[in-house]
Amino acid sequence: MTFKSLKQFLNIKMRMTGLYQYGSRDHDCPFCKLTKKRILWKSPLLMEVKDIYPVSKNHTLLITKRHVASAEDCTAAELRAIILRSKITMKSLRKLDKKITGFNLGFNVGESAGQTVPHVHFHIIPRRAGDHSNPRGGIRAVIPGKAVY
Ligand code: AMP
Ligand code: ZN
């Protein structure tokens, strides 16, 4: 097999190894344009930032480096990285803030489910006892009135 150029050879090799897709970025996307100083931690697959409109103190986002809209399109490596990193982040947040007594974790997938930024991000929302008059149901309460049982 012959290759016309080094670029063509590298493209084929990257596709074969699955590395190609991890370079995907969208210049109109706020998460593809995050400045270095906003990124608290990064790995080859993920970035960790504080949410700019936090729903609780230290609301944190784990964002894929790759621009892809839906958690359904994450690779196994990205999903694994998100779950493993969330464990570390929760531990360090608990250490930082002794008032944290729990977390809500999750993805919004699609506009009808409330997603506003179409680039995969995992919410880590610290909870503190008493921050809501009736926290029962947590993320099950995203559709008002449906969490009661
Ligand atoms: P979602 O509604 O699940 O798509 O969540 C988007 C989240 O991203 C919201 O919690 C926003 O406050 C947050 N957000 C939007 N733009 C930025 C940004 N530039 N840096 C950090 N967080 C952001
Ligand atoms: Zn993006």
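Refer to the structure presented above.
All of the points below concern the structure found in this document. (Residues numbered from 1 in each chain as written. Chains lettered and ligands numbered in written order. Predicted model: local features only at pLDDT ≥ 70, side-chain atom pairs only at ≥ 80, totals over all residues.)

**Points about the pairing of strand β3 (residues 60-64)**
Of all 5 residues making up β3, 5 are buried, and the element is well covered by its neighbours. A two-sided burial pattern is seen for β3, the buried positions comprising Thr60, Leu62 and Thr64 on one face and Leu61 and Ile63 on the other. As judged from the 5 bridges shared by strand β2 (residues 46-50) and β3, these two strands associate in the antiparallel manner. Residue Lys50 lies in a different strand from β3, and its bridge partner there is Thr60. (Buried ≥ 20, exposed ≤ 12 C-beta atoms within 10 Å, placed from the backbone. Helix = DSSP H or I, 4+ residues; strand = E, 2+ residues; numbered from the N terminus. Pairing = 2+ DSSP bridges.)

**Description of the sheet that holds strand β4 (residues 100-106)**
The 5 strands are arranged β1-β2-β3-β5-β4 in an open sheet whose pairing can be described as antiparallel. Strands at the two margins of the open sheet, each flanked by one partner only, are β1 (41-42) and β4. Those strands touched by helix α2 (residues 76-96) are β2, β3, β4 and β5 (121-128), and its axis lies near 25° from that of β5. (Contact = placed C-beta atoms within 7 Å. Axes fitted to C-alpha atoms, helices over the stretch in contact; angles between N-to-C directions.)

**Structural notes on unusual backbone geometry**
Even without being glycine, Asn58 reaches a positive phi, approximately 70°. By secondary structure assignment, the location of Asn58 is in the loop between β2 and β3. On the neighbour-count criterion, Asn58 (16 C-beta atoms within 10 Å) is partly exposed.

**Considering the pairing of β5**
The side chains of a regular strand alternate between the sheet's two faces. Where β3 lies against β5, 4 bridges are found, and the strand directions are antiparallel. Directly across from Leu61, in β5, lies its bridge partner His123. Note that β4 and β5 share 6 bridges and pair antiparallel. By the bridge assignment, Leu105 is partnered in β5 with Ile124.

**Some words on the nonpolar core**
With 10 residues, the main nonpolar core is built from Leu46, Leu61, Leu62, Ile63, Ala81, Ile82, Val120, Phe122, Ile124 and Ile125. For this core, the elements supplying multiple residues, two or more each, are β3, α2 and β5. Residue contacts for Val120: discarding those within four places in its chain leaves Ile63, Thr64, Val68, Ala69, Ser70, Ala71 and Cys74. (Core = buried A, V, L, I, M, F, W, Y, C linked by C-beta atoms within 7 Å.)

**Overview of the environment of His27**
Tracing the sequence through the fold places His27 in the loop between α1 (6-17) and β1. Through-space distance from the C-alpha of His27 to that of His67 is 9.6 Å; in sequence the pair is 40 residues apart.

**Remarks on α2**
End to end, α2 covers 30 Å across 21 residues, agreeing with the expected 30 Å (1.5 Å per residue, within 8%). Within α2, the full set of buried residues consists of Glu78, Ala81, Ile82, Arg85 and Thr89. Viewed end-on, α2 has its buried residues packed into an arc of 100°, placing them on one side of the element. Those residues of α2 that are exposed and angled more than 90 degrees off the buried face are Ala76, Arg80, Ile83, Leu84, Lys87, Ile88, Lys91 and Lys95. The secondary structure elements touched by the buried residues of α2 are β2, β3 and β5. (Expected span 1.5 Å × (residues − 1). Arc of directions from axis to C-beta.)

**Thoughts on the environment of Gly138**
Structurally, Gly138 is set in the segment after β5. For the pair formed by Gly138 and Leu105, sequence separation is 33 residues and the distance between their alpha carbons is 9.8 Å.

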